[in-house]
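As a plain string of letters, each chain reads:
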Amino acid sequence: MTLKLTVIGTGYLGATHAAAMAELGFEVLGLDIDPAKIETLRAGRVPMYEPGLDELLARHVEGIDGSTGRLRFTTSWQEVADFGDVHFVCVNTPQKHGEYACDMSYVDSAIDALAPLLTRPALVVGKSTVPVGSAARLAARVAELAPAGDAVDLAWNPEFLREGFAVQDTLRPDRIVVGVRGGTAEKLLREVYAKPVADGTPFVVADYATAELVKNAANSFLSTKISFINAMAEVCEAAGGDVVKLAEAIGHDDRIGRKFLRAGIGFGGGCLPKDIRAFMARAGELGADQALTFLREVDSINMRRRSHMVELTREACGGAFLGKRVAVLGATFKPDSDDVRDSPALNVAGQIHLQGAQVTVFDPKGMENAARLFPTLAYAPTALEAVRGAHAVLHLTEWKQFRELDPAELAGVAAERVVLDGRNTLDPQLWREAGWTFRAMGRPNA
Ligand SMILES: NC(=O)c1ccc[n+]([C@@H]2O[C@H](COP(=O)([O-])OP(=O)(O)OC[C@H]3O[C@@H](n4cnc5c(N)ncnc54)[C@H](O)[C@@H]3O)[C@@H](O)[C@H]2O)c1
Ligand SMILES: O=c1ccn([C@@H]2O[C@H](COP(=O)(O)OP(=O)(O)O[C@H]3O[C@H](CO)[C@@H](O)[C@H](O)[C@H]3O)[C@@H](O)[C@H]2O)c(=O)[nH]1
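Because the structure is predicted, anything quoted here is derived from the model rather than measured.

## Quick word on the overall build of the protein chain
Here is step 1: The secondary structure content of the protein chain amounts to 19 helices and 14 strands.
Here is step 2: By the compact-globule yardstick of 22 Å for 446 residues, the protein chain fits well, its C-alpha radius of gyration being 24 Å.
Here is step 3: In terms of overall dimensions, the protein chain has a C-alpha envelope of 70 × 55 × 40 Å along the principal axes.
Here is step 4: In the protein chain, the proportion of contacts linking residues at least 24 apart, taken out of those at least 6 apart, comes to 71%.
Here is step 5: With an accessible surface of roughly 19,000 Å², the protein chain has 53% of that area assigned to carbon and sulfur atoms.

## Examining unusual backbone geometry
Here is step 1: At aspartate 342, a position not held by glycine, the phi torsion is positive, near 40 degrees.
Here is step 2: Take aspartate 342: it is sitting in the loop between strand 9 (325-329) and helix 14 (344-354).
Here is step 3: The partly exposed category is assigned to aspartate 342, whose relative accessible area is 30%.
Here is step 4: At asparagine 424, a position not held by glycine, the phi torsion is positive, near 55 degrees.
Here is step 5: Topologically, asparagine 424 is positioned in the loop between strand 13 (418-421) and helix 19 (428-433).
Here is step 6: Look at asparagine 424 and you get buried, because its relative accessible area is 12%.

## Section: the state of the cysteines
Here is step 1: In the structure shown here, the tally under the stated rule is zero disulfides.
Here is step 2: Free cysteine cysteine 90: the closest other cysteine sulfur is in cysteine 271, separated by 12 Å.
Here is step 3: The exposure class of cysteine 90 is buried, given its relative accessible area of 7%.

## Side note on helix 12 (residues 272-285)
An α-helix turns once every 3.6 residues. As a result, residues three or four positions apart point the same way.
Here is step 1: Helix length check: helix 12, at 14 residues, gives a terminal C-alpha distance of 20 Å against a target of 20 Å (1.5 Å per residue), a fit within 8%.
Here is step 2: Burial runs high along helix 12: 10 of the 14 residues are buried.
Here is step 3: Along helix 12, the residues classified as buried are Leu272, Pro273, Lys274, Asp275, Ile276, Arg277, Ala278, Phe279, Met280 and Ala283.
Here is step 4: Those residues of helix 12 hidden inside the fold are in contact with helix 10 (208-239) and helix 13 (293-316).
Here is step 5: Looking one or two residues past helix 12, glycine 287 carries a phi angle of roughly 80 degrees, positive in sign.

## Points about the domain arrangement of the protein chain
Here is step 1: The assigned domain composition of the protein chain is domain 1 (4-206) and domain 2 (225-446).
Here is step 2: For domain 1 and domain 2, the distance between their C-alpha centroids amounts to 33 Å.
Here is step 3: Contacts between domain 1 and domain 2 engage 17 residues on the former and 18 residues on the latter.
Here is step 4: Across the interface of domain 1 and domain 2, roughly 1,500 Å² is buried in total on both sides, 56% from carbon and sulfur atoms.
Here is step 5: On the domain 1 side of the interface with domain 2, the three residues burying the most area are Tyr49, Tyr100 and Glu163, jointly 44% of the side's total.
Here is step 6: The tally of links from domain 1 across to domain 2 stands at one salt bridge.
Here is step 7: Two residues, glutamate 163 and arginine 341, come together in a salt bridge whose shortest N-O distance is 3.4 Å.
Here is step 8: Counting every contact that joins domain 1 to domain 2 gives nine residue pairs in polar contact (both at pLDDT 80 or more).
Here is step 9: In terms of residue class, the side of domain 1 that touches domain 2 is built from 10 nonpolar, five polar and two charged.

## Some thoughts on the site of ligand 2
Here is step 1: Neighbouring residues of ligand 2: 22 residues in total, closest Leu161, Glu163, Lys215, Cys271 and Phe333.
Here is step 2: At 2.8 Å, a backbone N or O of phenylalanine 160 approaches an oxygen atom of ligand 2.
Here is step 3: Separating an oxygen atom of ligand 2 from a backbone N or O atom of arginine 262 is a distance of 2.9 Å.
Here is step 4: Surface burial for ligand 2 is 94%, taken as the share of its 700 Å² of free accessible area covered by protein chains.
Here is step 5: Only helix 10 and helix 12 provide two or more residues apiece to the shell around ligand 2.
Here is step 6: Classifying every residue of the shell around ligand 2 by side-chain character gives 10 nonpolar, three polar and nine charged.

## Things to note about the sheet that holds strand 9
Here is step 1: Strand order across the open sheet formed by six strands is 11-10-9-12-13-14, with parallel pairing between neighbours. The sheet is open, and its two borders are formed by strand 11 (378-379) and strand 14 (437-440), each paired with just one other strand.
Here is step 2: Looking at chain direction, strand 9 and strand 12 (residues 392-395) are connected through four bridges and run parallel. The partner of valine 328 across the bridge, within strand 12, is leucine 394.
Here is step 3: Helix 13 rests against strand 9, strand 12, strand 13 and strand 14 of the sheet, and its axis sits at about 170 degrees to strand 13.
Here is step 4: Along the sheet, helix 14 contacts strand 9, strand 10 (358-362), strand 11 and strand 12; its crossing angle with strand 10, the most-contacted strand, is approximately 160 degrees.

## Quick look at the pairing of strand 14
Here is step 1: Judged by which residues are buried, strand 14 turns out to be one-sided: Phe438 and Ala440 face inward and are buried, whereas Thr437 and Arg439, on the alternate face, are not.
Here is step 2: The sheet contact formed by strand 13 and strand 14 spans four bridges and is parallel. Looking at strand 14, one finds that valine 418 is bridged to threonine 437.
Here is step 3: You can see the chain leave strand 13, run along helix 19 and come back into strand 14, and the turn it takes is right-handed.

About the criteria used
- Residues numbered from 1 in each chain as written.
- Chains lettered and ligands numbered in written order.
- Predicted model: local features only at pLDDT ≥ 70, side-chain atom pairs only at ≥ 80, totals over all residues.
- Heavy atoms only, no water.
- Helix = DSSP H or I, 4+ residues; strand = E, 2+ residues; numbered from the N terminus.
- Rg over C-alpha atoms; globule rule 2.2 N^0.38 Å.
- Contact = heavy atoms within 4.5 Å.
- Areas by Shrake-Rupley, 256 points an atom, 1.4 Å probe, with all protein chains shown as cover.
- Buried < 20%, exposed > 50% of the residue type's maximum accessible area, 1.4 Å probe, protein only.
- Disulfide = S-S within 2.5 Å.
- Expected span 1.5 Å × (residues − 1).
- Domains from an automatic or database assignment.
- Buried area = accessible area lost by both parts, 1.4 Å probe.
- Salt bridge = Lys/Arg side-chain N within 4 Å of Asp/Glu carboxyl O.
- Polar contact = N/O pair within 3.5 Å; in protein donor to acceptor, adjacent residues only side chain to side chain.
- Nonpolar A, V, L, I, M, F, W, Y, C, P; charged D, E, K, R; others polar.
- Near = heavy atom within 4 Å.
- Pairing = 2+ DSSP bridges.
- Axes fitted to C-alpha atoms, helices over the stretch in contact; angles between N-to-C directions.
- Right-handed = clockwise from strand over helix to strand, strands pointing away.

Given below as structure tokens:
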């Protein structure tokens, strides 16, 4: 008999995971505490922007014409407990207000809602990113609360998907990591992931602590790589070097590799910044804080990139923001997403606005989320409208369509032809030929 799966928390991770599991052939029931999100999903619509996810939902959501009907959504915990053999927990684990530590309250309340209803054998599988030690603590909590007792087990199966590539990363991940206490959980998870494993995806079985730490380590490494190249950008700026050329040259060494060496205004999003902070906080609790002091530097190099962009813009505006208009191209933390959580672009836009400039933002997909978070910024319906009357143009999220803009057309509407490329993806020559003063980050002579 095919396993029945539930997915608890249907945000960026959970909605994608639920749809991908239906695509793999399972019957899936998704639950969220946000009834509006559940209504949207039930109608076969995606509550956020994630390329390819709408097609997947249309193919599987029950009640959609021609769908397999394998994917359903609910707000009922009882329905979830009755339905599932395997329950994936995909709720948010944000940074605590005013602290580095992870806020585990959403995971805790999901476990507390589900476990008392588990009256038959089941496996609870955590996918959220959590501090090491959480799985062991939650396994004890499940054992305490579940009426089925030992017949309910817990595993931790961290997720490595990237927004913008979430569907392909879930269906064909680089690796699957499972933290388990015994063979039954491993067997069930091998059944769930049989297809990607048959296609060659490595399946790594570990204890709870190691599985949790793999996720913390992976995001720490990625953050470090970005801050490393941004530190090189600072030195390039001081010495007159070109960080883009430098990254290309060191990347030819296979041991270093070319990926994740794009210098600019740094990393943001709902994952890397809060994950390295939570990792430092947890290491501190464990008495291992010295091991991760370098992450403090990774974080501060990253945050410095944002203030550096503010200073470059001030310079471009003749030393003061008052009475100046600044156009910001990009609001999301990365392209191909509508996610504005801890977005470097919006952070820079907000700082400049607070210091007196009139800031107008355009983003292909992130406008609604941005306006909710930063209602005092102005928003334009197109890049051209954002640039109209601007004294400086900032390119802060590397959407493909910004590379395709016509600098000559924009030159016709700007008040001053000054562009600052915070992502190092625009073509300096093209802009200069159209009469723009072009400045990039870490490329004084580009
Ligand atoms: N977004 C990513 O790219 C990504 C990738 C890998 C791992 N992660 C991790 O996955 C987790 C979820 O991240 P996300 O980006 O999907 O967050 P999100 O905020 O988009 O989604 C979380 C969802 O959980 C729901 N929720 C909160 N409490 C709940 C509860 N008690 N019961 C049921 N539902 C509840 C929320 O309403 C929301 O819809 C985090 O731990 C994150 O670090 C995220
Ligand atoms: O060379 C680079 C690469 C990325 N970034 C920035 O870094 C941030 C994060 O990018 P990315 O890692 O692609 O996005 P996420 O979707 O947040 O994915 C990260 O966080 C997820 C949540 O934990 C993990 O699952 C993924 O493996 C991990 O890549 C963005 O602001 C990017 O603009 C750079 O500045 N330079």
